[in-house]
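One letter stands for each residue in the lines below.
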Amino acid sequence: MKRWILLIGIYLLCQNGYSQNFGIKSNLLYDATSTINLGIEYALSDKLTLDVSVNINPWAFPQRKVDTSGSLLEQYDAILKHWILQPELRWWKCEKFNGHFFGAYATGGQFNVGGLSFLPEGWGKRGLQINRFEGWLAGTGLSYGYHYILSDRFSLEFSLGLGYTFLKYNKFNNYASSEPTTKDRMKYRMHYFGPTKAGISVVFMLY
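This is a predicted model, so every value here is computed, not measured.

## Let's talk about the overall build of the protein chain
- A tally of helices and strands in the protein chain yields two helices and nine strands.
- Mapped in sequence order, the helices and strands of the protein chain form the string α-β-α-β-β-β-β-β-β-β-β.
- For the protein chain, with 207 residues in total, the buried portion stands at 38%.
- Long-range pairs, those at least 24 residues apart, make up 62% of the contacts in the protein chain between residues at least 6 apart in sequence.

## Describing the packing of aromatic side chains
- The tally for this structure, following the rule as stated, stands at 12 aromatic pairs.
- Relative to F101, the ring of W92 has its centre 4.8 Å away and its plane inclined at 45°; by these criteria the two rings are tilted. We note that W92, like F101, is buried.
- Pairing F111 with Y169 gives two aromatic rings, centres 6.4 Å apart and planes at 55°, and the pair type is tilted. Taken together, the residues F111 in strand β6 (residues 99-114) and Y169 in strand β8 (residues 154-172) connect sequence positions 58 residues apart.

## Observations concerning unusual backbone geometry
- Notably, S34 is not glycine yet its phi reads approximately 65°, a positive angle.
- Along the chain, S34 falls in the loop between α2 (28-31) and β2 (36-43).
- When its relative accessible area of 25% is taken as the criterion, S34 is described as partly exposed.
- For F97, which is not glycine, the phi dihedral falls at a positive 60°.
- Counting through the fold element by element, F97 comes out in the loop between β5 (72-92) and β6.
- Residue F97 is classed as buried on the basis of its relative accessible area, which comes to 1%.

## As for the environment of G139
- In this fold, G139 is placed in strand β7 (residues 132-149).
- Here G139 falls in the buried class, since its relative accessible area comes to 17%.
- When the C-alpha atoms of G139 and Y105 are compared, they prove to be 8.5 Å apart, with 34 residues separating the residues in sequence.
- The contact partners of G139, leaving out residues within four places of it in the chain, are Y105, A106, T107, Y164 and T165.

## Overview of the pattern of salt bridges
- Tallied over the entire structure, the rule returns nine salt bridges.
- Measuring nitrogen to oxygen at the nearest pair gives 3.5 Å for the salt bridge that ties E88 to R90. As far as burial versus exposure is concerned, E88 and R90 are alike and both buried.
- The residue E88 makes a salt bridge to K197 at a minimum N-O spacing of 3.3 Å. Placement of E88 in strand β5 and of K197 in strand β9 (residues 188-205) is noted, with a sequence separation of 109 residues between them. Neither residue differs from the other here; E88 and K197 are each classed as buried.
- In this structure, a network of salt bridges that share partners links the residues K25, E41, D51, E88, R90, E157 and K197.

## Quick notes on the nonpolar core
- Core analysis: the largest hydrophobic core is formed by nine residues, namely A78, F111, V113, L116, L128, F133, L137, L167 and Y169.
- Elements supplying a minimum of two residues to this core: β6, β7 and β8.
- If you look at the next biggest cluster of nonpolar residues, it comprises six residues, including A43, F97, V203 and M205.

About the thresholds
- Residues numbered from 1 in each chain as written.
- Predicted model: local features only at pLDDT ≥ 70, side-chain atom pairs only at ≥ 80, totals over all residues.
- Heavy atoms only, no water.
- Helix = DSSP H or I, 4+ residues; strand = E, 2+ residues; numbered from the N terminus.
- Buried < 20%, exposed > 50% of the residue type's maximum accessible area, 1.4 Å probe, protein only.
- Contact = heavy atoms within 4.5 Å.
- Phe/Tyr/Trp six-rings, centres within 6.5 Å; stacked < 30°, edge-to-face > 60°.
- Salt bridge = Lys/Arg side-chain N within 4 Å of Asp/Glu carboxyl O.
- Core = buried A, V, L, I, M, F, W, Y, C linked by side-chain atoms within 4.5 Å.

Printed below as a string of structure tokens:
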């Protein structure tokens, strides 16, 4: 009897009448890195939605190196340029735009990153601190998230994704160089398994 009462309670929680169908969102984690981002999510059915996010960072960040007396030793731009497109199909445990969801997503984009001297020392001189990497990436993964309703229009969304990404790129021996370290175009390749998606997003439901 108690089991049936519990099941009925869960069912009623899932039938709260929340019937929004289309929302736009911004990922606060990407905002913190100065990355311009916009997500659009549309309901395909009561339990399926399609989410598409676009992330663009066109900026260069001026950096200065000085000696102990404060004299300028070097001035350059740290580069964190990239664009990423990430479509995702989501299945909702109760109903769309409410509670827990599971997703399958794809990732594609290009990047031009280097001269990030503000990174921890552990990244090493052969990494992003003094080198520059330019190329493209593609991948796929699975995600889990939770959509918390604040009002009829506003919500918070938390998500995390794990998956695989393939990267193909050129390596430049410093952030300002125009000649790659090898004559072969797109010489370097990388297969990455691990977290490929993370979000704390503010969602505005249009209708």
